[in-house]
Amino acid sequence: MENMKKIQMVDLQSQYLKIKQELDKAIMDVVSSTQFINGPAVKIFADNLATYLNVTAVIPCANGTDALQIAMMALNLQPGDEVILPAFTYVATAEVIALLKLKPILVDVNPKTFLIDTNKIELAITAKTKAIVPVHLFGQCADMETIMSIAKKYNLFVIEDVAQAIGADYTFTDGSKMKAGTIGTIGCTSFFPSKNLGCMGDGGAMFTNDEQIAKRLKMMANHGQSIQYQHDEIGVNSRLDTIQAAILDIKLKHLDEYAKARNIVADFYDEAFKNHPNLLSPVRVKHSTHVFHQYTLQTCGINRDELRKYLAEQNIPSMVYYPIPLHFQKAYSTEQFKEGTLPITENLCKCVISLPISTEMNEEQLSYISSHVLKFCKEHTQEKSN
Ligand SMILES: *Cc1c(COP(=O)(O)O)cnc(C)c1O
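Residues numbered from 1 in each chain as written. Predicted model: local features only at pLDDT ≥ 70, side-chain atom pairs only at ≥ 80, totals over all residues. Heavy atoms only, no water.

A. Looking closely at the site of the ligand. Taken together, the residues surrounding the ligand are N63, G64, T65, Y90, A92, V135, D161, A163, Q164, S190 and K195. At a separation of 2.5 Å, an oxygen atom of the ligand approaches a polar side-chain atom of T65. Between the ligand and D161, the relevant distance is 2.8 Å, taken from a nitrogen atom to a side-chain nitrogen or oxygen of the residue. Coverage of the ligand by the protein amounts to 92% of the 380 Å² it exposes when considered alone. Here the ligand occupies the second largest pocket. Residues that form the shell around the ligand fall into these classes: four nonpolar, five polar and two charged. (Near = heavy atom within 4 Å. Polar contact = N/O pair within 3.5 Å; in protein donor to acceptor, adjacent residues only side chain to side chain. Areas by Shrake-Rupley, 256 points an atom, 1.4 Å probe, with all protein chains shown as cover. 1 Å grid on protein atoms, 1.4 Å probe; cavity = no way out; pocket = protein on both sides within 12 Å on 5 of 7 lines; lining within 4 Å. Sits in = over half its atoms within 2 Å of the grid points. Nonpolar A, V, L, I, M, F, W, Y, C, P; charged D, E, K, R; others polar.)

B. Representation of empty space enclosed by the protein in the model. For the structure on display, the rule yields three cavities of 30 Å³ or more. Put simply, the largest cavity is a space of about 60 Å³. The wall of the largest cavity is formed by V10, D11, L12, Q15, P193, S194, K195, N196, R262, S358 and T359. Looking at the lining of the largest cavity residue by residue, the class counts come to three nonpolar, five polar and three charged. If you count residues domain by domain, the lining of the largest cavity takes at least three from each of domain 1 (12-107 + 115-252) and domain 2 (256-385). Around the second largest cavity, the lining residues are K112, T113, F114, F138, Q140, P282, V283, H290, Q294 and T296. (Points joined across faces, edges and corners; volume = space filled by probe spheres on them. Domains from an automatic or database assignment.)

C. Just a nonpolar patch on the surface, in detail. Residues M28, V31, F36 and I37 make up a contiguous nonpolar surface patch of roughly 350 Å² in combined accessible area. On the basis of relative accessibility, which here comes to 48%, the residue M28 falls in the partly exposed class. (Patch = residues over 30% accessible without salt bridge, like charges linked within 9 Å, V, L, I, M, F, W, Y side chains within 5 Å. Salt bridge = Lys/Arg side-chain N within 4 Å of Asp/Glu carboxyl O. Buried < 20%, exposed > 50% of the residue type's maximum accessible area, 1.4 Å probe, protein only.)

D. Here's a closer look at helix 3 (residues 40-53). Here helix 3 spans 20 Å end to end across 14 residues, near enough to the 20 Å set by a 1.5 Å rise per residue. Of the positions making up helix 3, those classed as buried are A41, V42, F45, A46, L49, A50, Y52 and L53. Just downstream of helix 3 lies N54, where phi reads positive at about 60 degrees. (Helix = DSSP H or I, 4+ residues; strand = E, 2+ residues; numbered from the N terminus. Expected span 1.5 Å × (residues − 1).)

E. A look at the layout of surface pockets. Of the voids in this model, the largest pocket is the one considered here, and its volume is about 710 Å³. Where the lining of the largest pocket is concerned, the elements lending two or more residues are helix 3, strand 1 (57-61), helix 8 (211-221) and strand 10 (225-227). If one sorts the elements of the lining of the largest pocket by residue count, helix 8 sits on top with six residues. Looking at the lining of the largest pocket, its residues break down into twelve nonpolar, eight polar and seven charged. Along its surface, the second largest pocket is lined by 31 residues, and Y90, Q164, S190, F192 and K195 are the ones closest to its centre. When contributions to the lining of the second largest pocket are tallied by element, the ones reaching two or more residues are helix 4 (64-74), helix 5 (91-99) and strand 8 (186-190). With four residues, helix 5 is the largest single contributor of residues to the lining of the second largest pocket.

F. Representation of the sheet that holds strand 2 (residues 82-86) in the model. Read from one edge to the other, the open sheet built from seven strands follows the order 1-9-8-5-4-2-3, with strand pairing classed as mixed. The open sheet is flanked by strand 1 and strand 3 (103-107), the only strands paired with a single partner. If you compare each strand with its neighbour and ignore which way they point, the axes differ by 25 degrees on average. Judged from the three bridges that link them, strand 5 (residues 157-161) and strand 8 form a sheet pairing that is parallel. Each residue of the ladder has a partner; that of I159, found in strand 8, is I186. Along the sheet face, helix 3 touches strand 1 and strand 9 (204-208) and points at about 135 degrees away from the line of strand 1. (Pairing = 2+ DSSP bridges. Axes fitted to C-alpha atoms, helices over the stretch in contact; angles between N-to-C directions. Contact = heavy atoms within 4.5 Å.)

Listed below in C-alpha cells is the structure:
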C-alpha cells in the first residue's frame, strides 16, 4: 500500500499526463493565434461533436447551467409555465427554471435506477405544463421512449440534461439507437472538468436536430442578436472559450475509451459487492448503456456517514450526490412539496454514497477501496438503520 497511487474521487492529473503533449500543443496554438474568443477550434469542436452525436446542430456555451437556461429561453417558456424535473438531481436543473420564473414541478425517481419515474410524470402534468427535463443521472439514460410519448400526447418540449451521460447510447424498443441528449427537443451538457467529457475550466453545449431551434439557441447565447448589433430579444452572453474547445476536441477522441475505463471500474465494484446485504450496486437499465459518471451505492443496515468517515481515515475519498433533496433546500421549498411528498428521493439522500471512479484507476486501488468498504460492513452491521 505504501506505493499505491493516491486515490482521488476523480484523477484528472493522470488523465492529463496521458495526452499532455497533444493538449499542451493545442493550448499553445490558441495562445499564439490570440483568437481567444470564437477562434476556429470552437466551430471545429462543435462540428466534430455533432458528428459524434449524430445531431444536426451543436451550440457551444459557457457552462451546463447556461445551456439549460438558454434552452428554456429559446423555447420561449413564460413566467408561470410549469416544468417537470426529477426531484433527485443537481441543483442547476431546478435553478434555471426558478430563475426564469417558471415553476419547477418535482417528480420522484425510481429507487433502483435514480432516474425520473415515468409512471409519475402524467400525474404531475397540468394545463400549465410546458416541458419535461429528464436528467440522465450518474451516466445512464432516463426512459426516453416513454418520456417522448408522454411529451407527444400533451404537446410538451423535452430538454435532456445530459451533463452526466454524454456518450451513452439509448436503444428504442424497435432496436434503433440514439445518443443521450439527441432524442428530446434540446439536449444540454456541461464540460466541467470532472464530467466524462471535461475541459480545463467551464464549458457547456446544447444539441438539437431542429434548425429553427438551433437558430434561436445561437441567438439567445449571443445577446439575443441574429445580425450583429440588432437585438430582437433579450439574450445572454455565453460562450465556450477557444482554448477549452481545442482541449475538448482532443478529449472527444478519447470519450468512448474513457467510458470503457469507467465501466471496468464499475464492473470491479459490482463484483466485489455482489449480493451484499448492506450494499446495493447501481442497477443498469436495459434501454441504455452506462457511462458511469458516478458509481453510486445504496447502503442499508449500516450508517452511511460512519462509512464515509471510516473510508476517509483510510485515505479513500467518497461523496454524497446528493445529500439534501431539492424540496428541503431553503431556496426551493414550497407548500406543494413538503417533507414526505417525494419519499424515494428523501430516502436516497440518506443512503447513497458515491465511490471514486475515473479513467485511470488501477486494480490495487480498487481492491483497497472495496476491501475497506466490505470490512466496514462486516464490523458495523446494525440491527436497524437508515
Ligand atoms: C454538472 C451538472 C450541471 C451543470 O453544469 P455546470 O457546467 O457546472 O454549470 C447540470 N446538471 C447536471 C445533472 C450536472 O451534473
